[in-house]
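# Residue-level structural notes
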2 protein chains.
Amino acid sequence: MDSTTDKGKVCVRILLVDDEAAILRFLKTVLDSEEFCVYKAENGRLAIAAAAAVRPDLILLDLGLPDMDGIEVIKRIREWSNVPIIVLSVREREEDKVTALDAGADDYLTKPFGVGELLARIRAALRHALQQAPAPVYKIDDLEVDLIRRRVTLAGVEIQLTPTEYDLLRLLVTNAGKVLTHRQILRQIWGAGYIEQPHVLRVNISNLRHKIEKDSSRPRYIVTEMGVGYRLKADFPENVGTKANG
Amino acid sequence: MDSTTDKGKVCVRILLVDDEAAILRFLKTVLDSEEFCVYKAENGRLAIAAAAAVRPDLILLDLGLPDMDGIEVIKRIREWSNVPIIVLSVREREEDKVTALDAGADDYLTKPFGVGELLARIRAALRHALQQAPAPVYKIDDLEVDLIRRRVTLAGVEIQLTPTEYDLLRLLVTNAGKVLTHRQILRQIWGAGYIEQPHVLRVNISNLRHKIEKDSSRPRYIVTEMGVGYRLKADFPENVGTKANG
DNA sequence: GAATGTATCAAGAAGATATCAAGATACGAC
DNA sequence: GTCGTATCTTGATATCTTCTTGATACATTC
């Protein structure tokens, strides 16, 4: 269920769109070895659906698709997304390149192309995307947690947290609204060996409260669920988690 | 600085870097007819100077320059600017393309190319540029870092930094506000082989602090993020990379 | 009011960071 | 080429933060 909580392990997702199985296989091998997460689509309809579902960081698109023209795919995706799209095509007429680029493609490679050049162009395209990365900020009343910048502010004032305290708060924040049992938290933060030692958790919750709660004896954010665990109050249950339904 | 919107007349500035007069003339004609404002440079030194002075919205760069290699020009400009750079070159070896793209070029066209394709790729590159507006000089409190002139001043007094110290500060400055992990910094400055040696980083941070901090034991600029890395304090509390526009 | 679970405080241990200084290396001047 | 300077690297040590643990006070439930 919580696939997103893998200790900050990030994987750049690439959506591969091509109808030739051989090319798909070949490219998947190449991209896998570069530690990309590869998703595949064999036609335009699936490509558009996958772009919406997977939310890839980059799309490699062949123009010759069985069900619809690649240009149309670009236009449809551009209606709602700025994900980098690199076109891979056998069409080498200048007119085709111009049409694809003006439809919203970011780059255009003519087959056959070198693997090295493809990877370099992927890196270049990803550079662009990184610069406009939106920072998901969790906000509950006066409390703001910026997971990318690793910063916590209370009414605009920055709060200094120790590494463990930050990990703990991050776990609570990414599960805002849900109750986390002692055992769940202990396993996630301290490891399976600490499941039977709730004391260390209580001490850290206490320290954390003293830093983010105005009156730590009457906590507004970190609520104790007697006999069960802890829960972070969620103000915007629908808005908070940027990951759509996990 | 002179903005792009002088008296309502919007002019996209393009810097043309090539040593062949014929090509310069030809491209200027093409670009003029598209209502671009064209600036020219005939060698690498002039190109870097013009990039700083003119602040073009896009650079078309030939790799074969008389005074220095085009790759070097890309790297030097990338130290302080994210302006889109499209390489135009006769070199069609894959290795050349990869080197240029990884040095920071946004696109690579092999001569001879079609004018239509060039214009389409210019339009695509300009689309990206709309979202990013980098700060050429970083300023916070008394500290000023001029990435163009490679100069650091503290309350107006120039500070002498070693090459490593400058690289380190530049990395922090271009990511002001964000936390950079030890590993990120080590990989960027010293290379992947040093990722497991945080000592060299600590020594250099210490030296840097002694030069730019008044009280190095209570740093105002370079903040330690315990257990994580370092962060340069940003004067904007909010997102730094979002379209500052002058 | 007793039993169970929870919160707080404080001190030693463990770990991470900062600093100093000496040897090694690279670079420019002569 | 040799010297002198600046820079980089490496090692040892000092300083500080954070973690862990134990004792004790508080709260809730029955």
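Because the structure is a prediction, the values reported are computed rather than measured. Residue positions are given per chain, counting from 1 as you read along its sequence in written order. Think of it this way: whatever chain is written first is A, whatever ligand is written first is 1, and the rest follow in order. Local features in this predicted model are restricted to residues of pLDDT 70 or higher, and side-chain atom pairs are both shown and tallied only at a pLDDT of 80 or more, whereas totals for entire chains, interfaces and linings draw on every residue. Hydrogens and water are ignored here; the side-chain numbers use all heavy atoms of the structure.

## Considerations on the sheet that holds strand S8 (residues 151-154) of chain A
All names here are of chain A. Between any two strands, pairing holds if DSSP finds at least two bridges. Each helix is a run of DSSP H or I of at least 4 residues and each strand a run of E of at least 2, with the numbering of both proceeding from the N terminus. Pairing in this open sheet of four strands is antiparallel, and the strands run S6-S7-S8-S9 from one edge to the other. Taken across any chain shown, the strands that pair with only one partner, and hence form the sheet edges, are strand S6 (137-140) and strand S9 (157-159). Taking each pair of neighbouring strands and ignoring which way they run, the sheet shows an average axis angle of 25°. Axis lines are fitted to C-alpha atoms, over the contacting stretch for helices. Their N-to-C directions set the angle, which ranges from 0 to 180 degrees.

## Things to note about the pairing of strand S14 (residues 229-232) of chain B
Residues and elements named next belong to chain B. Inspection of the sheet shows strand S12 (residues 179-181) paired to S14 by three bridges, in the antiparallel sense. Looking across to S14, one finds that Val179 is bridged to Arg231. As paired elements, strand S13 (residues 222-225) and S14 share four bridges and run antiparallel to each other. Note that in S14 the partner of Val223 across the bridge is Arg231. Counted between consecutive antiparallel strands, the loop separating S13 from S14 contains three residues, among which Gly227 sits at a positive phi close to 75°.

## With respect to the domain arrangement of chain A
By the assigned domains, chain A splits into domain 1 (13-131) and domain 2 (137-232). Domain ranges listed in this record stem from an automatic or a database domain assignment. Measuring from the centre of the C-alpha atoms in domain 1 of chain A to the corresponding centre in domain 2 of chain A gives 41 Å.

## So, the confidence of the model for chain A
Residue and element names in this part refer to chain A. Residue-level confidence of the predictor is what pLDDT reports, using numbers from 0 through 100. Residues with a pLDDT of 70 or more make up 89% of chain A, whose mean pLDDT is 87. Any two residues having at least one pair of non-hydrogen atoms within 4.5 Å are treated as being in contact. Within the model, the stretch residues 1-9 combines pLDDT values under 50 with six contacts to residues more than four positions away or in other chains. Long-range and interchain partners of residues 237-246, a stretch whose pLDDT sits below 50, account for six contacts in this model, where long-range means more than four residues apart.

## Concerning the protein's contact with DNA strand C
Proximity is defined per residue: any heavy atom of the residue falling within 4 Å of a molecule or strand makes that residue near it. A:Thr224, A:Gly227, B:Arg202, B:Thr224 and B:Tyr230 are the nearest of the 24 residues found near DNA strand C. Each polar contact in these results corresponds to two N or O atoms within 3.5 Å; when the atoms are within protein, one needs to be able to donate a hydrogen and the other to accept it, and residues that are neighboring in sequence are counted only if both atoms are side-chain atoms. Between a phosphate oxygen of DNA strand C and a side-chain N or O atom of A:Ser206, the distance comes to 2.9 Å. For the surface near DNA strand C, the secondary-structure elements that each account for two or more residues are helix H8 (198-212) of chain A together with helix H8 (198-212) of chain B. Class assignment for the residues of the surface near DNA strand C results in six nonpolar, 14 polar and four charged. Three classes are used, and their members are as follows: Ala, Val, Leu, Ile, Met, Phe, Trp, Tyr, Cys and Pro are nonpolar, Asp, Glu, Lys and Arg are charged, and the others, Gly among them, are polar.

## A look at the interface of chain A and chain B
If you look at the interface, chain A gives 29 residues, while chain B gives 35 residues. At the boundary of chain A with chain B, total buried surface from both sides reaches about 2,700 Å², with 41% on carbon and sulfur atoms. Only one rule defines a salt bridge in this text: a Lys or Arg side-chain nitrogen within 4 Å of an Asp or Glu carboxyl oxygen. Summed over the shared surface of chain A and chain B, the result is seven salt bridges. Across the chain A-chain B interface, the total number found is 22 residue pairs in polar contact (both at pLDDT 80 or more). A simple way to read buried area is as the amount of 1.4 Å-probe accessible surface that goes missing from two parts once joined, with both sides added.

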